[in-house]
Amino acid sequence: MKIAFVCSHFAPGTGVADYCRILAGECILQGHSCIFLGVQDPSISHVHFSEKAAEWNLPAVPIYSIPASYSWPRRVRVSRAILHKFEPDWVSLQFVCYGFNPKGVIFSALPALVGLLHGFRLQIFFHELWIGGSESSTLKERFIGRIQQEAILFLIKLLKPEIIQTSAFPFQAIMQNLGFSVSRLPIFSNIPCSSDSSDSKWLFSILNREGCAINEGNRDIFHLYGMFGNIPPAWQGASLLEEIFKDGKAKGFIPIFIHAGRLPNSGLVVWESLVSQFQGRISMIRLGELTVDRLSQFLFCLDVGVSPFPWVLHEKSGSLAAMRAHGLPVLVTGENLVVRGLKVKMESLETLGTQNESEPGLFQFHADLQVKRFPFRNTWEFVAKKFLDCLPEQRANQ
């Protein structure tokens, strides 16, 4: 099959771009042809063609990028010419509201997306739906969310996609409540396995410089907790760190809490506040940005992963998926959101405080802090196959 992945833009390092990169690469490995089409790239002034270099043991993928400075009618003309030349069997729209408008209000893009995609066999993957869906949402978030909801429903009504997919159970349930047939496609790890997964010397060296006397000989008396990526302003990290401190004191181990990756100002404020609160009780080390290979090694070095995602949305977190793929038990510590208007009973989410049997290695906030690693699991091939199985090569009436 030929599959065209369409998104706002495919800037490297963004969640949607990395997701598409891996999914398309795996589809190519399984015998299919793929291209990327970014219809709103703010970084270019002319139509740009490139070929994403082979990496992570995945093949190269052609990328067509259309400038955001072009008018929507012009972008539609150029995009359709590219698609008609490629002749895809399927177009996969990787949809995020904020990809098309920084405020998430996308009504101006809707007619263009309809004009661009009509006539093609279409699958839409919603990486997220609309904001304002939790009981704790502000009035402003609910107002914007209502606009986003109307836009998404309008898009579905006009495009009539053959397949609608999302990653998280609440998103699926909300869409099903509105009368749509929606299936779930898991988010996979966005961090490939390092070729030298046993390399821990560089991390120990950094920890030593920060005053942690860890080495190969005394490694067992330390428990390394780690997270990477952004920290939400509302994250209840103090409660978690208090629990980690008490658990270490009771069991006789030394806890170290490590963060890797970029932190915007809002996340940095949270981090620095926690460092101040727990000074002298828990060593808190920030590594900053790492290469993909180093990040994989970092995950292999940890004992426990920590995710600030809400439990009900843990399925949409690529960083959480990366931790689990690297064999880490993961504490899911985000605010326990209550989703408004969700009429489906979430039985899979009712094992609060215990290990979820259907999700081995996944624990909620107040779970016993067990330290038991699992083997590395490569989910890329599995998810790609699940994606491809949803795309029949011929229409039912052909």
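See the structure printed just above.
Criteria and cut-off values
- Residues numbered from 1 in each chain as written.
- Predicted model: local features only at pLDDT ≥ 70, side-chain atom pairs only at ≥ 80, totals over all residues.
- Heavy atoms only, no water.
- Helix = DSSP H or I, 4+ residues; strand = E, 2+ residues; numbered from the N terminus.
- Buried < 20%, exposed > 50% of the residue type's maximum accessible area, 1.4 Å probe, protein only.
- Contact = heavy atoms within 4.5 Å.
- Areas by Shrake-Rupley, 256 points an atom, 1.4 Å probe, with all protein chains shown as cover.
- Pairing = 2+ DSSP bridges.
- Right-handed = clockwise from strand over helix to strand, strands pointing away.
- Salt bridge = Lys/Arg side-chain N within 4 Å of Asp/Glu carboxyl O.
- Core = buried A, V, L, I, M, F, W, Y, C linked by side-chain atoms within 4.5 Å.
- Lys, Arg positive; Asp, Glu negative; His and termini not counted.
- Polar contact = N/O pair within 3.5 Å; in protein donor to acceptor, adjacent residues only side chain to side chain.

Participant: Would you mind going over the overall build of the protein with me for this structure?
Facilitator: Within the protein, the secondary structure is distributed over twelve helices and 14 strands. By residue count, 54% of the 398 residues in the protein fall in the buried class. Relative to all contacts within the protein whose residues are 6 or more apart in sequence, the contacts with residues 24 or more apart total 79%. Counting every atom, the protein has about 18,200 Å² of accessible surface; 53% of that belongs to carbon and sulfur.

Participant: Is there a simple way to think about the environment of Ile156 in this case?
Facilitator: The residue Ile156 is located in helix H5 (residues 139–159) in this model. Separated by 42 residues in the primary sequence, Ile156 and Val114 place their C-alpha atoms 9.4 Å from one another. Those residues in contact with Ile156, other than ones at most four positions away along the chain, are Phe126, Pro161, Ile164, Met175 and Phe180.

Participant: Is there a simple way to explain unusual backbone geometry in this structure?
Facilitator: Of all residues except glycine, most have a negative phi; of all peptide bonds, most are trans. The backbone phi angle of Glu87 is positive, close to 55°, even though this residue is not glycine. Checked against the element boundaries, Glu87 lands in the loop between helix H2 (72–86) and strand E5 (90–95). Notably, Lys160 is not glycine yet its phi reads approximately 50°, a positive angle. Inspection of the secondary structure assignment puts Lys160 in the loop between H5 and strand E7 (163–166). Its relative accessible area of 63% is what places Lys160 among the exposed residues.

Participant: Where do I start with the pairing of strand E10 (residues 254–260) in this structure?
Facilitator: On a regular strand, one side chain projects to one face of the sheet and the next to the other, so that they alternate. Of all seven residues making up E10, six are buried, and the element is well covered by its neighbours. Direction of pairing for strand E9 (residues 222–228) relative to E10: parallel, over a ladder of seven bridges. Directly across from Met227, in E10, lies its bridge partner His259. Crossover connection from E9 via helix H8 (residues 237–251) to parallel E10: handedness right-handed. Across five bridges, the pairing between E10 and strand E11 (residues 283–288) is parallel. Paired with His259 across the strands is Arg286, a residue of E11. Following the backbone out of E10, through helix H9 (residues 265–277) and into the adjacent parallel E11, one traces a crossover that is right-handed.

Participant: How do you make sense of the pattern of salt bridges when you look at a structure like this?
Facilitator: For side chains bearing opposite charge, pairing can occur when the charged atoms are close. Considering all chains together, one arrives at eight salt bridges under this definition. The salt bridge involving Glu150 is made with Arg146; its shortest N-O contact spans 3.3 Å. Here Glu150 and its partner Arg146 are both found in helix H5, four residues apart, which amounts to about one turn of the helix. Two residues, Arg262 and Glu289, come together in a salt bridge whose shortest N-O distance is 4.0 Å. Highlighted residues: Arg262 in the loop between E10 and H9 and Glu289 in the loop between E11 and helix H10 (292–301), separated in sequence by 27 residues. A residue is classified by how much of its surface remains accessible, and Arg262, at 56% relative accessible area, is exposed. Taking the relative accessible area as the measure of exposure, Glu289 reaches 58% and is therefore exposed.

Participant: Where do I start with the nonpolar core in this structure?
Facilitator: As a rule of thumb, nonpolar side chains are buried together in soluble globular proteins. Core analysis: the biggest nonpolar cluster contains 46 residues, and Leu207, Trp235, Phe257 and Phe298 have the highest contact counts within it. Examining the composition of this core, we find that five residues originate from one element, E9, more than from any other. Among residues more than four places away in sequence, those in contact with Leu207 are Cys212, Ile214, Leu224, Ile256, Ile258 and Ile285. With 44 residues, the next largest nonpolar core counts Trp72, Val114, Phe120 and Leu129 among its residues.

Participant: Even after reading the chapter, I still don't get the side chain of Arg80, so can you show me in this structure?
Facilitator: For Arg80, the location among the structural elements is in helix H2. No salt bridge is formed by the buried Arg80; its nearest oppositely charged neighbour, Glu87, is found at 12 Å. In this structure the side chain of Arg80 is engaged in a polar contact, spanning 3.0 Å, whose partner is the backbone oxygen of His118. Not counting the four nearest positions on each side in its chain, Arg80 is found in contact with Gly115, Leu116, Leu117, His118 and Phe120.

Participant: Quick question: what am I supposed to make of the environment of Lys316 here?
Facilitator: Along the chain, the position of Lys316 falls in the loop between strand E12 (304–307) and helix H11 (318–325). Remark: the alpha-carbon pair of Lys316 and His127, spanning 189 residues in sequence, is separated by 7.4 Å. Ignoring any residue separated from it by four or fewer positions in sequence, one finds Lys316 in contact with His127, Glu128, Ser167, Ala168, Phe171, Ile187 and Phe309.

Participant: Please clarify how helix H6 (residues 169–177) should be interpreted in this entry.
Facilitator: An α-helical turn contains 3.6 residues, so a residue and the one three or four places further along point in the same direction. Most of H6 sits out of view: seven of its nine residues are buried. Taken as a whole, H6 has its buried residues at Phe169, Pro170, Phe171, Gln172, Ala173, Ile174 and Met175. Lining the buried residues of H6 we find strand E6 (122–126), H5, E7 and strand E8 (183–184).

Participant: Honestly, the side chain of Ser8 in this entry has me stumped. Any pointers?
Facilitator: With respect to the helices and strands, Ser8 occurs in the loop between strand E1 (2–7) and helix H1 (15–29). Here Ser8 falls in the buried class, since its relative accessible area comes to 5%. At a separation of 3.3 Å, a polar atom in the side chain of Ser8 contacts the main-chain carbonyl oxygen of Gly99. Residues contacting Ser8, with those up to four places away along its chain left out, are Gly38, Val39, Gln40, Asp41, Gly99 and Phe100.

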